[in-house]
Amino acid sequence: MEAQELAGRVAAAVANRGLHEAVARSVDRHSYAALAALSPELRTLYKARARAARLRSVRDLADLAEQFIAEAERHGIVVHTAADAAEAVAIVAEIAKRHGARRIVKSKSMATEEVELNRHLAAEGMQVLETDLGEYIVQLAGQKPSHIVAPCLHMARDEIAGLFSREAGREIAKDTPSLTAFARERLREEFRQADLGISGGNFLVASEGAVVLVTNEGNGRMCTTLPKVHVALVGVEKLVRSFQDMADALRILPVAATGQLITSYVSIVRGPAKEGEEGPREVHVVLMDAGRSEILGGPYEEVLACIRCGACLDICPVYRQTGGHAYGSVYSGPIGAVLTPLLRPDREAQALPFLSSLCGACSDVCPVGIHLHEHLVALRARAVARGVTFASEHTAFRALRRAWTPPRRYRLVRGLMRGALRLGGGVPQLRAWTAGRRLPPVATGRVGELLRREGLIEERR
Amino acid sequence: MRVRLFTTCLGDLFAQEAVLSTARVLRRLGHEIELPEQTCCGQPAYNSGFQEEARPFIAAYLDKFRGSEAVVAPSGSCVAMLRHGLTQFFGEDGEARRLAEHTYEMSQFLLDVEGLKAPKGHFDAKAIYHESCHLSHWLHQGDRAKELLSGIEGLELLTFREPQLCCGFGGTFAVHFPELSLAMADEKLQDLGSPEPDILVASDQGCLMQLGGRIAAKGGKRPEPMHLSVLLDRAGVGK
Ligand code: SF4
């Protein structure tokens, strides 16, 4: 059921060829830039270091959380812990209410997407404005991000110019300078007026109690410094041991994401402003679990090492055809198909691992070496065990096993199959295949016979 | 060397030429070839989430191929499955691990075990080489198989602009998401250039069936899908 629904969404996305063109153009730009940015030797070295640093941190997550809380509190950061999405939302809403916040500016954060923070805050009568350019565009369009790094990558430039023109009440040209000029002007004003800033976090440095934001537009820094209160909502897996471990991961993050050797802004938040300093009077960090701790210690633990660079989406031959929305989840692409069923217990999420041709390009490109395709295969088995599968496959594969093992039976059945296939066969799987592809001619005899006739094989005694 | 042949189910049903060519080339290189009783590698079930249904396939392989000096299959995909399945299901059996390490895809065997470098041969054609994903990303061979074609006279070897882009086969994936699978094939085929090459070479029958089947369904004549072994055979490698 769930699998069929997914297949329906995918078919609809594939039918939209304009979507494919927009997505393919952007992901190719990312992938080529990423490939060109480093020599193979440096890439190997950086990847190994990033992986080691991330795995170390994931392994010690419980200790790092304690250390982070102690250090952050020492600098005056108020640390909250949220077991699930509902708690995370409640904590942020409570802080906002206590400060009578009406206008909120936000920098890009997948964790806040995960808990649908904007929707909840809007329901409390607060106005939340996304300030990352891509997120701002997606918000104007009333959509959700379709890529973890480039939220509006699925949109054509014309569409964006149209949205901006409507928002401005005048014609905005579709060249990049005009678009960014409009957004900048519009957002500057909001930054000044906002009474609360919300961010995510790319790293939480345990030894320093620091939240680290990596951005290209500087909007993150505005969100965390201009409003008098800053709240960072961060998944607990973002913890790293030290600045050194952070640096090991940070070195490869922008390369993998967009092919930049260094990102434009790395902001380190270490607490509220002191007397006489400018900056927020209060800084809160919400450490969110929401399913992470269940992944810890199990076969999928390395998935927590993900640094959300988006490289696996960019290289994915499926993602480039469908874009992100077809996945029906906050995280899309290979990492989305792996992470979503681990974070979300619902049956719909369990179907996502099937949305992959298992080419394995993702595992090779991942800067922290997550074995994505192997997890996809394993999660398919888990889905089947939970009853999420494509129609009648249970019966089909049981029948196949019975018919094709042991080998002697396979030989007989294969002979029969050749006959059936030649007749065109009523196998439904075959019909799906022949709908757009011609089947090669079916062999008439046994391959063993042919090998023998040519004298190619030694008979075994 | 005594080489055992794993023919693969697609090789049995659709691509016997690839199996025969694999045997001929190995034979010409001086190997003795054996054909133990066998069945499929179990990948259709395994990759669809039916691991327990796949286990008997791997068990049969371990049983019938136990002790092999080397096993060669004309498919990177099946080899990746066999290697993975052997260690996952029977890793505690020392022979499973050893057999996994001695199971090779054809080009892998020729390059790594045989140590062939740019073997001589002759075949007049404009060919384009498709890197099958399971060979390149699962077995980590990249596009090394092209080395085997570089010494063939008369062969003009082209590459896709996006050599690593998947053809969209993916086993049951092609059946679960038919439109998507076809769209992936079409994008791959757009990259053929024009005029189209004469042959499309790959070392996995799945990719060849996907791309060849798509070309034929659209009424195209070229390129003709050709297994790497068939090309090596026709070029007279080892003669
Ligand atoms: S899984 Fe790897 S490639 Fe994908 S987003 Fe995470 S770190 Fe990047």
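Residues numbered from 1 in each chain as written. Chains lettered and ligands numbered in written order. Predicted model: local features only at pLDDT ≥ 70, side-chain atom pairs only at ≥ 80, totals over all residues. Heavy atoms only, no water.

## Some thoughts on helix H1 (residues 2-15) of chain A
Here comes step 1: The terminal C-alpha atoms of H1(A), which comprises 14 residues, lie 20 Å apart, in line with the 20 Å expected from a rise of 1.5 Å per residue.
Here comes step 2: Restricting attention to buried positions, one finds in H1(A) the residues A:Glu2, A:Ala3, A:Leu6, A:Ala7, A:Val10, A:Ala13 and A:Val14. Looking down the long axis of H1(A), one finds its buried residues gathered within 135° of arc, a one-sided arrangement. For H1(A), the exposed residues set more than 90 degrees away from the buried face come down to A:Ala12 and A:Ala15.
Here comes step 3: If you follow the buried residues of H1(A), they end up packed against helix H2 (17-37), helix H16 (319-322) and helix H18 (347-350) of chain A together with helix H9 (173-176) and helix H10 (178-190) of chain B. (Helix = DSSP H or I, 4+ residues; strand = E, 2+ residues; numbered from the N terminus. Expected span 1.5 Å × (residues − 1). Buried < 20%, exposed > 50% of the residue type's maximum accessible area, 1.4 Å probe, protein only. Arc of directions from axis to C-beta. Contact = heavy atoms within 4.5 Å.)

## Examining the pairing of strand E2 (residues 103-106) of chain A
Here comes step 1: Direction of pairing for E2(A) relative to strand E3 (residues 127-130) of chain A: parallel, over a ladder of 4 bridges. Considered in E3(A), the bridge of A:Arg103 is made with A:Gln127. (Pairing = 2+ DSSP bridges.)

## Details of the interface of chain B and chain A
Here comes step 1: Taken together, the contacts link 68 residues of chain B with 73 residues of chain A.
Here comes step 2: Interface of chain B and chain A: buried area, both sides summed, is about 6200 Å²; carbon and sulfur atoms make up 64% of it.
Here comes step 3: Three residues, B:Leu13, B:Phe50 and B:Phe177, lead the burial of chain B against chain A; their summed loss comes to 11% of the area buried on that side.
Here comes step 4: Counting the contacts that link chain B with chain A gives 2 salt bridges.
Here comes step 5: The partner of B:Arg24 in a salt bridge is A:Glu454, with the nearest N and O atoms 2.6 Å apart.
Here comes step 6: Between chain B and chain A we count 17 residue pairs in polar contact (both at pLDDT 80 or more) in total.
Here comes step 7: Here the side of chain B that touches chain A gets 7 residues from one element, more than from any other, and that element is H10(B). (Buried area = accessible area lost by both parts, 1.4 Å probe. Salt bridge = Lys/Arg side-chain N within 4 Å of Asp/Glu carboxyl O. Polar contact = N/O pair within 3.5 Å; in protein donor to acceptor, adjacent residues only side chain to side chain.)

## Description of the site of the ligand
Here comes step 1: The local shell around the ligand holds 14 residues, among which A:Cys306, A:Cys309, A:Gly310, A:Cys312 and A:Cys366 are the closest.
Here comes step 2: Here the residues of the shell around the ligand are counted per class, giving 12 nonpolar, 1 polar and 1 charged. (Near = heavy atom within 4 Å. Nonpolar A, V, L, I, M, F, W, Y, C, P; charged D, E, K, R; others polar.)

## A few points about the side chain of A:Glu2
Here comes step 1: Take A:Glu2: it is sitting in helix H1.
Here comes step 2: Every residue in contact with A:Glu2, bar those within four places of it in the chain, is listed here: A:Arg347, A:Glu348, A:Ala351 and A:Val388.

## Remarks on the domain arrangement of chain A
Residue and element names in this part refer to chain A.
Here comes step 1: For chain A, the assigned domains read domain 1 (1-37 + 310-391), domain 2 (50-294) and domain 3 (397-453).
Here comes step 2: Averaged C-alpha coordinates put domain 1 and domain 2 at centres separated by 24 Å.
Here comes step 3: Each partner contributes to the interface: domain 1 provides 26 residues, whereas domain 2 provides 27 residues.
Here comes step 4: In total, domain 1 and domain 2 occlude about 2100 Å² of area from one another, counting both sides; carbon and sulfur atoms represent 66% of this.
Here comes step 5: On the domain 1 side of the interface with domain 2, the three residues burying the most area are His325, Val330 and Tyr331, jointly 24% of the side's total.
Here comes step 6: In this assembly, domain 1 and domain 2 are joined by 0 salt bridges. (Domains from an automatic or database assignment.)

## Details of the environment of A:Trp433
Here comes step 1: Position of A:Trp433 relative to the elements: it lies in helix H23 (residues 428-434).
Here comes step 2: Excluding residues within four positions of it along the chain, A:Trp433 makes contact with A:Arg438, A:Leu439, B:Phe169, B:Ala174, B:Met209 and B:Gln210.

## Here's the deal with the sheet that holds strand E5 (residues 203-205) of chain A
Two strands in a sheet stick together by hydrogen bonds in their backbones, pointing the same way (parallel) or opposite ways (antiparallel).
Residues and elements named next belong to chain A.
Here comes step 1: Taken in spatial order, the 4 strands line up as E8-E5-E6-E9 in an open sheet, and their pairing is mixed. Taken across any chain shown, the strands that pair with only one partner, and hence form the sheet edges, are strand E8 (239-240) and strand E9 (265-269).
Here comes step 2: Alignment of E5 against E8, held across 2 bridges, turns out to be parallel. Following the sheet pairing, Val205 is matched in E8 by Val240.
Here comes step 3: Most of the contacts of helix H12 (residues 243-250) go to E5, to which it runs at about 160°, and overall it touches E5, strand E6 (210-215), E8 and E9. (Axes fitted to C-alpha atoms, helices over the stretch in contact; angles between N-to-C directions.)

## Some words on the domain arrangement of chain B
Quite often, the size of an interface is put as the accessible area lost when its parts meet.
Residue and element names in this part refer to chain B.
Here comes step 1: Domain annotation for chain B reports domain 1 (2-113) and domain 2 (121-234).
Here comes step 2: Computed from C-alpha coordinates alone, the two centres of domain 1 and domain 2 are separated by 22 Å.
Here comes step 3: Counting residues at the interface gives 28 residues for domain 1, matched by 22 residues for domain 2.
Here comes step 4: A buried area of about 2000 Å², summed over both sides, lies between domain 1 and domain 2, and 62% of it is on carbon and sulfur atoms.
Here comes step 5: Of all residues in domain 1, Leu10, Ser107 and Leu111 give up the largest surface area on contact with domain 2, accounting jointly for 22% of the area buried on that side.
Here comes step 6: Inspection of the region where domain 1 meets domain 2 yields 3 salt bridges.
Here comes step 7: Scanning the region where domain 1 abuts domain 2 turns up 12 residue pairs in polar contact (both at pLDDT 80 or more).

## A closer look at the packing of helix H17 (residues 333-343) of chain A against helix H20 (residues 372-385) of chain A
Residues and elements named next belong to chain A.
Here comes step 1: Where H17 meets H20, the axes come as close as 10 Å, and the angle between the chain directions of the two elements is 40°. When the axes of H17 and H20 are compared, the pair comes out oblique. For H17 against H20, the interelement crossing comes out left-handed. Contacts between H17 and H20 involve Pro334, Ile335, Ala337, Val338, Pro341 and Leu342 from the first element and Leu372, His375, Leu376, Leu379 and Arg382 from the second.
Here comes step 2: In terms of residue class, the contact of H17 with H20 is built from 9 nonpolar, 1 polar and 1 charged. (Parallel < 35°, antiparallel > 145°, perpendicular 65-115°, else oblique. Left-handed = near helix turned anticlockwise from the far one by under 90°.)

## Some details on the packing of H10(B) against helix H11 (residues 205-217) of chain B
All names here are of chain B.
Here comes step 1: Closest axis-to-axis distance for the H10/H11 pair is 10 Å, and the angle between their directions is 80°. As the angle between them shows, H10 and H11 are arranged roughly perpendicular. Note on element contacts: H11 touches H10 through Gln210, Leu211, Arg214 and Ile215, opposite Ser181, Leu182, Ala185, Asp186, Lys188 and Leu189.
Here comes step 2: Tallied by class, the residues present in the contact of H10 with H11 amount to 5 nonpolar, 2 polar and 3 charged.

## A word on unusual backbone geometry
Here comes step 1: Here the bond from B:Ser194 into B:Pro195 is cis, since omega is -5°, no more than 30 degrees from zero.
Here comes step 2: Of note, B:Pro195 is situated in the loop between H10 and strand E7 (199-202).
Here comes step 3: Residue B:Pro223 is bonded to the preceding B:Arg222 through a cis peptide linkage, with omega at -10°.
Here comes step 4: Following the sequence through the fold, B:Pro223 ends up in the loop between H11 and strand E8 (224-227).
Here comes step 5: One non-glycine residue with positive phi stands out, namely A:Arg308, at about 55°.
Here comes step 6: Within the secondary structure layout, A:Arg308 lies in the loop between helix H14 (292-295) and helix H15 (311-315).
Here comes step 7: Given the relative accessible area of 12%, A:Arg308 is considered buried.
Here comes step 8: The phi dihedral of B:His140 falls on the positive side, at around 55°, and the residue is not glycine.
Here comes step 9: By secondary structure assignment, the location of B:His140 is in the loop between helix H8 (133-138) and strand E6 (152-159).
Here comes step 10: On the basis of relative accessible area, B:His140 is assigned to the exposed category, the value being 54%.

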